[in-house]
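Structural overview for review
The lines below spell out each chain.
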Amino acid sequence: MGVFDHAEFDNHESLHFFQDDASGLRAIIAVHSTALGPAAGGCRRWIYASDADALTDALRLSRGMTYKNAVAGLKFGGGKAVILGNDQAPKSPQLFAAFGRAVDSLGGRYITAEDVGCTVEDMRYVREQTEFVSGLPQNGSSAGGDPSPWTAIGCFQGIQAAVESRLGTDSFKGLRVAVQGVGHVGLHLCRLLHEAGAELFVSDVNPENLALAKSELPVTEVAPSELIYADVDVLSPCALGNILTSSTIPRIQAKVIAGAANNQLSTVADGARLAARDILYAPDYVINAGGIISVAREYYGSSSEDEVRADVCRIRDRLQAIFDEAKTSGRPTNELADELARNLVAAAK
Ligand code: NAD
């Protein structure tokens, strides 16, 4: 497998592979940039079809964290960890302890937290081995805990900005929204959208998560293979990435795409494909920064929940500025966001 010539390598500062026979841990930690501070990004545990898929995911997610942290104004660079799940090595305290030792061995160049497939509880085992972890159980009203409700709040506000910009309304009453994935972020987001009066369409490949959403909220279930093509106003991807491609984009009916999933676009050119169809795309790493904002404030300490909320509410203004610039310049939103992020990192260097 080529690494330095990997299509997603993009000048990563370092790439680390870990194996621990006792716990069954196999993990990759990718450090894309430390220009703005230690590389911060969550840990994803996923069963990948191949090691090559895991590496690609780590590299793409890591670069995305550089951009996300820069645009969110955080003193963090970008990095990401993936744990290669398999049936022989189920989640266990030993697995996360071994992962914690792996993180610790990097001496603070990388700071971890939870992402898909990991929880606040898992991070407690990581914390026993290293101080370079955030997203731990919350203490009173200080910043901390599960980042996903903050991600959902940021997404909700980002959807508001996008709907106002593209559909010319600030009301969610009767707005049809399709949410792909009702896990940690997706379910919180559904609650906020429902409270605001939206009509919800959801899908999930995990029957338990789907059942929970259906038991709590009036949602219409759509088959996972059909959800992104639903006849809705807004598509909110809250599952995994790589869903907006040259073959899926022509069939999408939504006018706005705004959700939490990382790396929604398969390639940069897919942003232009969306713009050409007049579909307003909220750049994923701008709209989904709520969680890392909470993680960052927790990590640096002495922050309150109110300060996290104030920071998360700035996501709306950042997106509004990108949408306004896209309107005046005619350029795709993803390209404007990438340019902004790259300029911020270059200025720090
Ligand atoms: P999660 O694992 O709790 O939820 C993801 C859900 O998507 C699961 O219920 C899963 O079964 C479902 N899913 C997977 N593939 C699917 C498919 N093809 N169709 C429908 N459903 C599918 O993860 P999460 O923490 O809610 O994160 C969701 C996304 O948001 C991820 O891409 C993550 O990287 C991103 N994100 C999360 C946070 C956070 O704070 N948790 C922050 C930023 C970005």
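Residues numbered from 1 in each chain as written. Predicted model: local features only at pLDDT ≥ 70, side-chain atom pairs only at ≥ 80, totals over all residues. Heavy atoms only, no water.

Moving on, we come to the packing of aromatic side chains. Overall, the coordinates contain six aromatic pairs when judged by the stated rule. Both rings, one in Tyr-299 and one in Tyr-300, keep their centres 5.5 Å apart while their planes meet at 80°; by these two values the pair is edge-to-face. The rings of Phe-76, Tyr-299 and Tyr-300 are connected pair by pair, giving a single aromatic cluster. Directly above the ring of Tyr-229 sits Arg-251, whose terminal nitrogen or CZ lies 3.8 Å from the centroid. (Phe/Tyr/Trp six-rings, centres within 6.5 Å; stacked < 30°, edge-to-face > 60°. Lys NZ or Arg CZ within 6 Å of the ring centre and 35° of its normal.)

A separate point is the site of the ligand. Among the 23 residues in the neighbourhood of the ligand, the closest are listed as Thr-151, His-184, Asp-204, Asn-209 and Ala-239. A distance of 2.8 Å separates an oxygen atom of the ligand from a polar atom in the backbone of Val-185. At 2.6 Å from an oxygen atom of the ligand is found a side-chain nitrogen or oxygen belonging to Asp-204. Considered on its own, the ligand offers 830 Å² of accessible surface; in the complex 87% of this is hidden by protein. Listing elements by their share of the shell around the ligand, those giving two or more residues are helix H4 (148–167) and helix H5 (184–195). (Near = heavy atom within 4 Å. Polar contact = N/O pair within 3.5 Å; in protein donor to acceptor, adjacent residues only side chain to side chain. Areas by Shrake-Rupley, 256 points an atom, 1.4 Å probe, with all protein chains shown as cover. Helix = DSSP H or I, 4+ residues; strand = E, 2+ residues; numbered from the N terminus.)

By the secondary structure assignment, Asp-311 is in helix H10 (residues 305–312). On the basis of relative accessibility, which here comes to 15%, the residue Asp-311 falls in the buried class. Within the structure, Asp-311 has its side chain in polar contact with the side chain of Arg-314 (distance 2.4 Å). In contact with Asp-311, not counting residues within four places along its chain, are Ile-293 and Arg-297. (Buried < 20%, exposed > 50% of the residue type's maximum accessible area, 1.4 Å probe, protein only. Contact = heavy atoms within 4.5 Å.)

Accessible area lost upon the coming together of the parts serves often as the stated size of an interface. Segmentation of the protein chain into domains returns domain 1 (3–57 + 77–127) and domain 2 (148–288 + 316–346). Between the C-alpha centres of domain 1 and domain 2 the distance comes to 26 Å. At the boundary of domain 1 with domain 2, total buried surface from both sides reaches about 510 Å², with 59% on carbon and sulfur atoms. Counting the surface domain 1 buries against domain 2, the share from its top three residues, Leu-36, Arg-44 and Trp-46, is 51%. Our count for the contact surface shared by domain 1 and domain 2 stands at zero salt bridges. Counting the contacts that link domain 1 with domain 2 gives zero residue pairs in polar contact (both at pLDDT 80 or more). Taken together, the residues that form the side of domain 1 that touches domain 2 break down as four nonpolar, one polar and three charged. (Domains from an automatic or database assignment. Buried area = accessible area lost by both parts, 1.4 Å probe. Salt bridge = Lys/Arg side-chain N within 4 Å of Asp/Glu carboxyl O. Nonpolar A, V, L, I, M, F, W, Y, C, P; charged D, E, K, R; others polar.)

Moving on, we come to empty space enclosed by the protein. What the rule picks out here adds up to one cavity of 30 Å³ or more. The space that makes up the largest cavity amounts to roughly 50 Å³. Along its surface, the largest cavity is lined by Arg-60, Leu-61, Gly-64, Met-65, Asn-262, Asn-263, Asp-284 and Tyr-285. Considering each element in turn, the lining of the largest cavity owes the most residues, four residues, to helix H1 (residues 51–71). Class assignment for the residues of the lining of the largest cavity results in three nonpolar, three polar and two charged. (1 Å grid on protein atoms, 1.4 Å probe; cavity = no way out; pocket = protein on both sides within 12 Å on 5 of 7 lines; lining within 4 Å. Points joined across faces, edges and corners; volume = space filled by probe spheres on them.)

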